[in-house]
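# Tertiary structure, described
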Amino acid sequence: MSSQQLSPSVRRVAVVGGARIPFARSDGPYATASNQEMLTAALDGLVERYGLRGPGAVGEFVAGSVLKHARDFNLARETLLGSGLHPSTPAYDIQQACGTGLQAVIAAANKIALGQTDSAVAGGADTASDAPLGVNDSLRRILLEARRAKSPGARLKALAKVRPGHLVPDIPRNAEPRTGLSMGEHAAVTAHARGIPRDAQDQLAATSHQRLAAAYERGFFQDLVVPFRGLARDQNLRPGSTVEKLAALKPVFGLGHPDPTMTAGNSTPLTDGAATVLLASEEWARERGLEPPAYLTAYETAAVDFVGGDVAGGEDGLLMAPAYAVPRMLERAGLGLEDFDLVEIHEAFASQVLATLAAWEKRGLGTVDRARLNVAGSSLATGHPFAATGARIVATLAKLLAERDAPARGLISVCAAGGQGVTAILERA
């Protein structure tokens, strides 16, 4: 517990701004960049933009990653120590699969709202290129036995058990431990069960690329994206994407189903990248002459029994938790989908976005006007470094809301591995 006393009232939390590096396809430009190096670059971009150097410039830093080496056990703190933030700034790690970045924002916001700190930076980073390779579990047990041995003879006896097969490392798999199915295969089960058509998926993917390209062309990301390792914009972006081009791609997920629909083009690629967001109280921002583009006003998490869903033939798939989180959040806030000017749904897969929209409609929330959905592109175009996506979306949506002349409201929905979902509301007064 912080030594500070809790504020007698809950304060509004301002989203001041964000900074991220361009996202890159795995094994590409960032193949040798670590989570710490990428996160430091994004954090330093934020430090420079908002003059956050010096003792007490920021209350704390919270961030995380999903694909994490043992050396990264204290990732946020080590990143901070290598950045422009002052070493006296506390930092800690957080992780909730693809919801990590948004949960980091929520964790920081809660402390600001309760008066435990006046400002904080939240974010995340992930590299699919530098994924950790585990020691073969049988070899690990032998090495532990050797370490516990009381004599040289006993140590040698243990090490004599090592066989060539023990030298094969454990390669990280994109699969759910409870089911053995990859995220893509889980999404394919949902797409098949809900009858999500291929042409609708390709249309959503093409639109994501076209809108991201348009946002870059009009300079929208100029103060949000920090060049890194030769990249100035997201490497996965294909400005010329069309439904016709995407229709030519062969399915890669759900091949055991009749007429599979999910391709590499309407699915998010493995990606490397990092993103950060600066949050603060209204007073902190005002004292520095900053006009917050938006405020974080509500958030909700949920989880589903995807094992009994995708595997046992139930209704709920791995990525469908936002179908429960958003209705609960809207009921608590006294809002409906029609009250939102902009909607940001993380595009893990085009089929998952469409399944989420259908689920909201089925639960009586109404429909989302596609002209309000992911208006500056989303994960299908930018890519998806797991822990960085939430911070990217928060910073992007805040700036989009700030571009509107009148008060505006935006909805965020992020699905995550493990059958979880993290959602939030941003508002511009």
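A brief look at the structure comes next. (Residues numbered from 1 in each chain as written. Predicted model: local features only at pLDDT ≥ 70, side-chain atom pairs only at ≥ 80, totals over all residues. Heavy atoms only, no water.)

As a further point, take the overall build of the chain. Regarding its fold elements, the chain presents 14 helices and twelve strands. Here the chain has a C-alpha radius of gyration of 22 Å; the compact-globule value for 429 residues is 22 Å, and the two agree. For the chain, the C-alpha atoms occupy an extent of roughly 75 × 60 × 45 Å along the three principal directions. The buried share of the chain, reckoned over its 429 residues, is 55%. Pairs at least 24 apart in sequence give 80% of the contacts found in the chain among residues at least 6 apart. In the form shown here, the chain has an accessible surface area of approximately 17800 Å², with 53% of it arising from carbon and sulfur atoms. Looking at the chain, you have 43 positive and 44 negative side-chain charges, and the mean spots of the two groups are 7 Å apart. (Helix = DSSP H or I, 4+ residues; strand = E, 2+ residues; numbered from the N terminus. Rg over C-alpha atoms; globule rule 2.2 N^0.38 Å. Buried < 20%, exposed > 50% of the residue type's maximum accessible area, 1.4 Å probe, protein only. Contact = heavy atoms within 4.5 Å. Areas by Shrake-Rupley, 256 points an atom, 1.4 Å probe, with all protein chains shown as cover. Lys, Arg positive; Asp, Glu negative; His and termini not counted. Charge placed at Lys NZ, Arg CZ, Asp CG, Glu CD.)

Across soluble globular proteins, nonpolar side chains show a tendency to be buried alongside one another. In terms of nonpolar packing, the biggest core is built from 49 residues, with L330, V343, W360, L411 and I425 touching the most fellow members. Where this core is concerned, the elements lending two or more residues are α6 (183-194), α7 (198-217), β9 (294-303), α11 (322-333), β10 (342-345), α12 (350-362) and β11 (408-416). Looking at which element gives the most residues to this core, the answer is α12, with seven residues. With near-sequence residues (within four places) excluded, I425 lies in contact with Y295, L296, T297, A298, M329, L330, A333, L335, F340, R409, G410 and L411. Core analysis: the second largest hydrophobic core is formed by 46 residues, V62, F221, V277 and A424 among them. (Core = buried A, V, L, I, M, F, W, Y, C linked by side-chain atoms within 4.5 Å.)

Let us now look at the packing of aromatic side chains. What the rule picks out here adds up to four aromatic pairs. An angle of 70° between the planes, with centres 5.0 Å apart, marks the rings of Y30 and F228 as edge-to-face. Of this pair, Y30 sits in the loop between β2 (24-25) and α1 (35-50) while F228 sits in the loop between α7 and α8 (243-247); the two residues are 198 residues apart in sequence, bridging distant segments of the chain. Chaining the aromatic ring pairs together yields one cluster made of Y216, F220 and F221. Positioned above the aromatic ring of F221, the side-chain terminus of R20 is 5.5 Å from the ring centre. Here the basic side chain of R363 rests over the ring of Y324, its NZ or CZ set 4.3 Å away from the ring centre. (Phe/Tyr/Trp six-rings, centres within 6.5 Å; stacked < 30°, edge-to-face > 60°. Lys NZ or Arg CZ within 6 Å of the ring centre and 35° of its normal.)

Time to look at the side chain of R372. Its place among the elements puts R372 in the loop between α12 and α13 (379-382). Summary of buried charges: R372 has no salt-bridge partner, and the nearest side chain of opposite charge, D369, is 4.3 Å away. The contacts of R372, once residues within four sequence positions are left out, are L337, F340, D341, L342, V343 and T367. (Salt bridge = Lys/Arg side-chain N within 4 Å of Asp/Glu carboxyl O.)

Among the eight residues of strand β5 (residues 119-126), eight are classified as buried, and the element is accordingly described as predominantly covered. Burial of β5 is two-sided: the residues S119, V121, G123 and A125 facing one way and the residues A120, A122, G124 and D126 facing the other way are all buried. For strand β3 (residues 60-64) and β5, the ladder comprises five bridges, and the chain directions are parallel. Following the sheet pairing, F61 is matched in β5 by V121. (Pairing = 2+ DSSP bridges.)

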